[in-house]
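Notes for the structure review
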Amino acid sequence: MKTKMKLISAAVLLAATPLGAAAQEQALVIGMPIEPPNLDPTTAAPVAIREVTWLNLYEGLVQIDRNGEVQPLLAESWEVSEDGLTYNFRLREGVTFHDGTTFEASDVKFSFDRARSPESTNAQKQIFEPIEEIETPDDHTVVIRLSEPSGNFLYYLGWGDAVIVAPESADSNQTQPVGTGPFQFADWVRGDRVELTAYEDYWDAENIHLDRVTFRFINDAQAQVAALRAGDVHAFPNLGAPELFAELSRDERFSAVAGNTEGEIVAGLNNKRPPLDDVRVRQALMNGIDRSILIEGAYSGYGQPIGSHFSPNHPAYVDTTDVLPYDPERARELLAEAGYADGLMLTIKMPQMAYASRSAELIAALLSEIGVQLEIQPTEFPAQWIEEVFTNKDYEMTIVAHTEPLDIDIYQREGYYFQYEDQEFAELIEEAGRTTDENARFDLYAQAQRKLAEDVPALFLFQLPKLGVWDARLEGMWENTPIPSNVVRDVRWAE
Amino acid sequence: MILLLLRRFASLIVTLLLASLAIFVVLEVLPGDPAAIMLGTEAREDTLAALRQQMGLDRPAYERYLDWLGGMLTGDLGLSMTYRVSVSELVADRLAVTIPLAVMAILISTALAVPLGLIAAANHEKVADRGVMLFAQIGVAIPNFWFGLLLILFFSSYLGWFSAGGFPGWAANPALALKALLLPAIALALPQAAILARVTRSSVLEILGEDFVRTARAKGLTRRVTLHRHVLRNALIPVVTVMGMQFSFLVAGAILVENVFTLPGLGRLLFQAMSQRDLVVIKDVVLLFAALVILVNFLVDLAYAWLDPRLRQRT
């Protein structure tokens, strides 16, 4: 062990020289824009926590693979009863946590009970809401009974919020994370990097190639590119600067892959505040926006236009961009019908993220063509935005990316900041949630997408692209993120 | 002298108390709920309430302020709301980056500025003077974070001599750690050097016009000796004043430069704590910055006394 550690530190030193001999040592340095505040995805929401830990450090009963499909992980197999109320999981044997304790059915029960307890600060508590009872007939079987059928229950169990933790270590996971994943926690230099090393007793250790993974936190887009060029960082799965991405894609030292995230960039509207409570006004705004101009201007042409709030990665996606296409003529007619033939004034609360500020400025320019004057109010994200827009609903228009997978149901939630509250839509979403037959559920989601596209509770702009850049000799990086993550279990350096 | 020290020290304490109150009040009225930031847009009300209680946000403001002050006195800076580790630990790690960075920047800027200012003044209205003034113009005009980016592009991306930011830590190899601080220190030092060089130049020029300089020259001292023995020491008082005032700019500059070079320093900690609304860390770090600035000004006052013996008598 000692000699291995020495070898590894030698590897790290070597990797510090530009484009060094890292290829032989199987060490990987991944760059991320934001540092996670802690390393426990079951107690806080920030995406950065999942980007370091999900499937690297922690594992769930099931996983979501690179195509967005649910696959076995800590559960080898499962059966769902006819009525969709009982899930019987058969657990994998021979799995241990990084502290050496054995993974058993009681850990699953502990993890889910902890997540749904009143003291829990789990950011996605609704995942566990349908659970009525968890039984552990033996060490390798877990039976979960639901109070009502939940069509997406298995899918949600694949999220970072539902990973399995051990009672011995759960309380210190924020700073000393212990999971069952292929990599274990080694060090965290706050403000700089988190280091993980391969876990020797991992149940699938022979298929893990990397010895060490370092996550470095570099916020400035220019500094990100400089770190890549200098060889300090081998991969940036989400490069912050679309305008530099094209340049890097011409550099043969790098693979530059434009994939999709689950993030929909939408300009949220306050559906209760006049004049936005009039569907004709909202439709006019949508008709006034040329999505291709936004994508070109805000993201250098990367990103797929969307007509509703649904990821093109998902099998239930339907293209609704033609429901209210760019048509300034029609937009002016609609405004005149609604009584605003002379135009109107609106304000947009604009967060500082580059995609948001660039889009907001382009939207303002486009809307002025149809007689809508848009006043831009810079609003600090997340602090000020959450308070003013999200909590107090003190806004007319705003713009953010909604990055959670399968989150069309936010339009149905009571008190959510769009304040859409449409009965027909709510029924579609509730019905979809209860439906366990996949085809029937997807059909309901298709109807819900069309309903949103027609009612435009928010302006649907484009899917946030994932601009990944990494050393061309790296294999196995994920091109899309069907769920926020940087999964490195399949990553290796080419021979 | 001792009385001067005591009086200075008392005003230092009062200033710090006022600063702590100002910081606390500003953070109370600043929009942004740290619990809501941690839990994101999907969180339910009961979850938020649970986290607020864990963070101690459900307690009245005056209680939290007194707790904070009391903790300070016993050296307990509290627990970071987001990182969940003690702030003392976080700050100690960060000071090990920021203090050496600031010291290096001061050394570099002084080493550059004082000779440049002297040369310019000694060659008033000649080519050397024009050159120094041009440098000073450019140095003041260039923002230090942008200059830092230029340094990275040239020395890291193009020449490959330095890594493009990051910090290896002092433990492993102090030489590498110093090397990692060199480019950011230069980026931080350039605007300071430009200002200092101008101040040195004009101050030296002013002294050069004084009667005692003419006397010194008249009694046969060479230009060089006059400059070094009589002019420089007298000219340094305004220079030291400006250096003291610049310290707060240096601290502010460190926030930007540390971000560009991704150095895990105090400035970057503050920047991150700000966007996460980690109120405990913000309060501690801002107060620490305030204390540093006040302390440096205190030292500047002492430096006056050393430079100008008359000031020692005034107490």
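Rules and cut-offs
Residues numbered from 1 in each chain as written. Chains lettered and ligands numbered in written order. Predicted model: local features only at pLDDT ≥ 70, side-chain atom pairs only at ≥ 80, totals over all residues. Heavy atoms only, no water. Helix = DSSP H or I, 4+ residues; strand = E, 2+ residues; numbered from the N terminus. Rg over C-alpha atoms; globule rule 2.2 N^0.38 Å. Buried < 20%, exposed > 50% of the residue type's maximum accessible area, 1.4 Å probe, protein only. Contact = heavy atoms within 4.5 Å. Areas by Shrake-Rupley, 256 points an atom, 1.4 Å probe, with all protein chains shown as cover. Lys, Arg positive; Asp, Glu negative; His and termini not counted. Charge placed at Lys NZ, Arg CZ, Asp CG, Glu CD. Core = buried A, V, L, I, M, F, W, Y, C linked by side-chain atoms within 4.5 Å. Domains from an automatic or database assignment. Salt bridge = Lys/Arg side-chain N within 4 Å of Asp/Glu carboxyl O. Polar contact = N/O pair within 3.5 Å; in protein donor to acceptor, adjacent residues only side chain to side chain. Nonpolar A, V, L, I, M, F, W, Y, C, P; charged D, E, K, R; others polar. Buried area = accessible area lost by both parts, 1.4 Å probe. Phe/Tyr/Trp six-rings, centres within 6.5 Å; stacked < 30°, edge-to-face > 60°. Lys NZ or Arg CZ within 6 Å of the ring centre and 35° of its normal. Axes fitted to C-alpha atoms, helices over the stretch in contact; angles between N-to-C directions. Parallel < 35°, antiparallel > 145°, perpendicular 65-115°, else oblique. Left-handed = near helix turned anticlockwise from the far one by under 90°. 1 Å grid on protein atoms, 1.4 Å probe; cavity = no way out; pocket = protein on both sides within 12 Å on 5 of 7 lines; lining within 4 Å. Points joined across faces, edges and corners; volume = space filled by probe spheres on them. Pairing = 2+ DSSP bridges.

**Some details on the overall build of chain A**
- Summing up its helical and strand segments, chain A has 14 helices and 20 strands in all.
- Against the globule reference of 23 Å for 495 residues, chain A gives a C-alpha radius of gyration of 24 Å, in line with a compact fold.
- Classification of the 495 residues of chain A by burial places 61% in the buried group.
- Taking the contacts inside chain A whose residues are at least 6 apart along the sequence as the reference set, 69% of them involve residues at least 24 apart.
- Total accessible area on chain A is roughly 18300 Å²; 46% of this is exposed by carbon and sulfur atoms.
- Considering chain A, the positive charge centre built from 38 side chains and the negative charge centre built from 82 side chains are found 4 Å apart.

**Overview of the nonpolar core**
- Leu61 and Phe112 of chain A are the most contacted members of the largest nonpolar core, which has 235 residues in total.
- For this core, the element with the highest residue contribution is helix α12 (residues 279-307) of chain B, accounting for 13 residues.
- Other than its neighbours up to four places away in sequence, Leu61 of chain A contacts Pro72, Leu73, Leu74, Ala75, Phe89, Leu91, Val108, Phe112, Leu157 and Ile164 of chain A.
- Formed by 11 residues, the second largest nonpolar core is a distinct cluster that contains Val114, Ile207, Val213 and Leu232 of chain B.

**Description of the domain arrangement of chain B**
All names here are of chain B.
- Along its sequence, chain B is carved into domain 1 (2-74) and domain 2 (87-313).
- With centres defined by C-alpha atoms, the gap from domain 1 to domain 2 works out at 31 Å.
- The interface is formed by 21 residues belonging to domain 1 together with 16 residues belonging to domain 2.
- For the pair domain 1 and domain 2, the number of links is zero salt bridges.
- Joining domain 1 to domain 2, the criterion identifies two residue pairs in polar contact (both at pLDDT 80 or more).
- Going through the elements one at a time, α1 (2-29), α2 (34-39) and α4 (61-73) are the ones with two or more residues in the side of domain 1 that touches domain 2.
- Considering only residue class, the side of domain 1 that touches domain 2 consists of 17 nonpolar, three polar and one charged.

**Quick word on the interface of chain A and chain B**
- At the junction of the two partners, chain A supplies 51 residues and chain B supplies 44 residues.
- The three residues of chain A that bury the most area against chain B are Pro37, Thr121 and Arg190 of chain A, which together make up 14% of that side's buried surface.
- Here Glu380 of chain A ties to Arg277 of chain B by a salt bridge, and the two come within 2.9 Å at their closest N and O atoms.
- Seen at the junction of chain A and chain B, the total is 10 residue pairs in polar contact (both at pLDDT 80 or more).
- Those elements that provide at least two residues to the side of chain A that touches chain B are β10 (212-217), α6 (221-230) and α12 (383-391) of chain A.
- Residues belonging to the side of chain A that touches chain B are distributed by class as follows: 23 nonpolar, 13 polar and 15 charged.

**Points about the packing of aromatic side chains**
- Counted under the stated rule, the structure contains 34 aromatic pairs over all chains.
- Judged by centre distance (5.8 Å) and plane angle (50 degrees), the rings of Phe390 of chain A and Tyr417 of chain A are tilted. On the criterion of sequence distance, the pair formed by Phe390 of chain A in helix α12 and Tyr417 of chain A in the loop between β17 (400-402) and α13 (423-434) is long-range, its members being 27 residues apart.
- Look at Tyr416 of chain A and Phe418 of chain A: their rings are 5.7 Å apart centre to centre, the planes differ by 45 degrees, and that puts the pair in the tilted class. Taken individually, Tyr416 of chain A and Phe418 of chain A each receive the classification buried, so the pair is uniform in this respect.
- Over the face of the ring belonging to Trp203 of chain A we find Arg92 of chain A, whose NZ or CZ atom lies 3.9 Å from the ring centre.
- We note Arg190 of chain A situated over the ring of Tyr83 of chain B; from NZ or CZ to the ring centre the distance is 5.4 Å.

**Some details on the side chain of Lys125 of chain A**
- The topology assignment puts Lys125 of chain A in the loop between α4 (105-116) and β6 (131-138).
- Reaching out from Lys125 of chain A, the side chain makes a polar contact with the backbone oxygen of Ser117 of chain A at a distance of 3.2 Å.
- Look past the residues within four positions of Lys125 of chain A in its chain and what remains in contact with it is Ala115, Arg116, Ser117, Pro118 and Ser120 of chain A together with Arg44, Asp46 and Thr47 of chain B.

**A few points about the domain arrangement of chain A**
All names here are of chain A.
- We note that the domain assignment places domain 1 (10-208 + 477-493) and domain 2 (263-464) within chain A.
- Summarising the inter-unit geometry, the C-alpha centres of domain 1 and domain 2 are found 33 Å apart.
- Each side of the interface is counted separately: domain 1 has 14 residues, and domain 2 has 11 residues.
- With both chains or domains summed, domain 1 and domain 2 bury close to 1100 Å², and 50% of this area falls on carbon and sulfur atoms.
- The largest share of the area that domain 1 buries against domain 2 comes from Pro149, Gly151 and Asn152, three residues that together contribute 34% of it.
- Put simply, domain 1 and domain 2 have zero salt bridges between them.
- Put simply, domain 1 and domain 2 have four residue pairs in polar contact (both at pLDDT 80 or more) between them.

**Notes on the pattern of salt bridges**
- Tallied over the full model, the rule gives 40 salt bridges over all chains.
- Among the salt bridges present, the one from Arg330 of chain A reaches Glu333 of chain A, with a minimum N-O distance of 3.2 Å. One end of the pair, Arg330 of chain A, and the other, Glu333 of chain A, are both in helix α10 (residues 328-337), three residues apart, so they sit about a helical turn from each other.
- Each of the salt bridges in this network shares a partner with another, and the network as a whole consists of Lys125 and Glu129 of chain A together with Arg44 and Asp46 of chain B.

**Considerations on the packing of helix α8 (residues 174-208) of chain B against helix α10 (residues 223-260) of chain B**
All names here are of chain B.
- Axis separation between α8 and α10 bottoms out at 8 Å; the angle between their running directions is 150 degrees. Of the possible angle classes, the one that applies to α8 and α10 is roughly antiparallel. Like other packed secondary-structure pairs, α8 and α10 cross with a definite hand, here right-handed.
- Each residue belonging to the contact of α8 with α10 can be placed in one class, and the counts come to 19 nonpolar, six polar and no charged.

**Some words on empty space enclosed by the protein**
All names here are of chain B.
- If you walk through the whole model with that rule in mind, you get six cavities of 30 Å³ or more.
- Reported here for the largest cavity is a volume of approximately 60 Å³.
- What lines the largest cavity is simply Thr98, Ile99, Ala102, Phe247, Leu250, Val251, Ala254, Phe289 and Leu292.
- For the lining of the largest cavity, the secondary structure elements donating two or more residues are α5 (87-122), α10 and α12.
- The element best represented in the lining of the largest cavity is α10, accounting for four residues.
- Classifying every residue of the lining of the largest cavity gives eight nonpolar, one polar and no charged.

**A few points about the sheet that holds strand β4 (residues 75-80) of chain A**
Residues and elements named next belong to chain A.
- What the four strands build is an open sheet, ordered β4-β5-β7-β6; its pairing is antiparallel. The strands lining the two open edges of the sheet, one partner per strand, are β4 and β6. Shown here is a sheet whose adjacent strand axes are inclined to one another by a mean of 20 degrees, direction ignored.
- Summarising the sheet, β6 and strand β7 (residues 141-146) pair through five bridges and their orientation is antiparallel. Paired with Glu133 across the two strands is Arg145, which belongs to β7.
- The sheet contacts of α4 involve β5 (86-91), β6 and β7, and relative to β6 the element is tilted by about 165 degrees.

**Structural notes on the side chain of Arg489 of chain A**
All names here are of chain A.
- With respect to the helices and strands, Arg489 occurs in the loop between β19 (474-475) and β20 (492-493).
- For Arg489, a relative accessible area of 10% corresponds to the buried category.
- Side chain to side chain, Arg489 and Asp204 meet in a polar contact 3.1 Å long.
- The residues touching Arg489, leaving out its near neighbours within four places in the chain, are Asn56, Glu59, Leu73, Pro182, Phe183, Tyr202, Asp204, Asn207 and Ile208.

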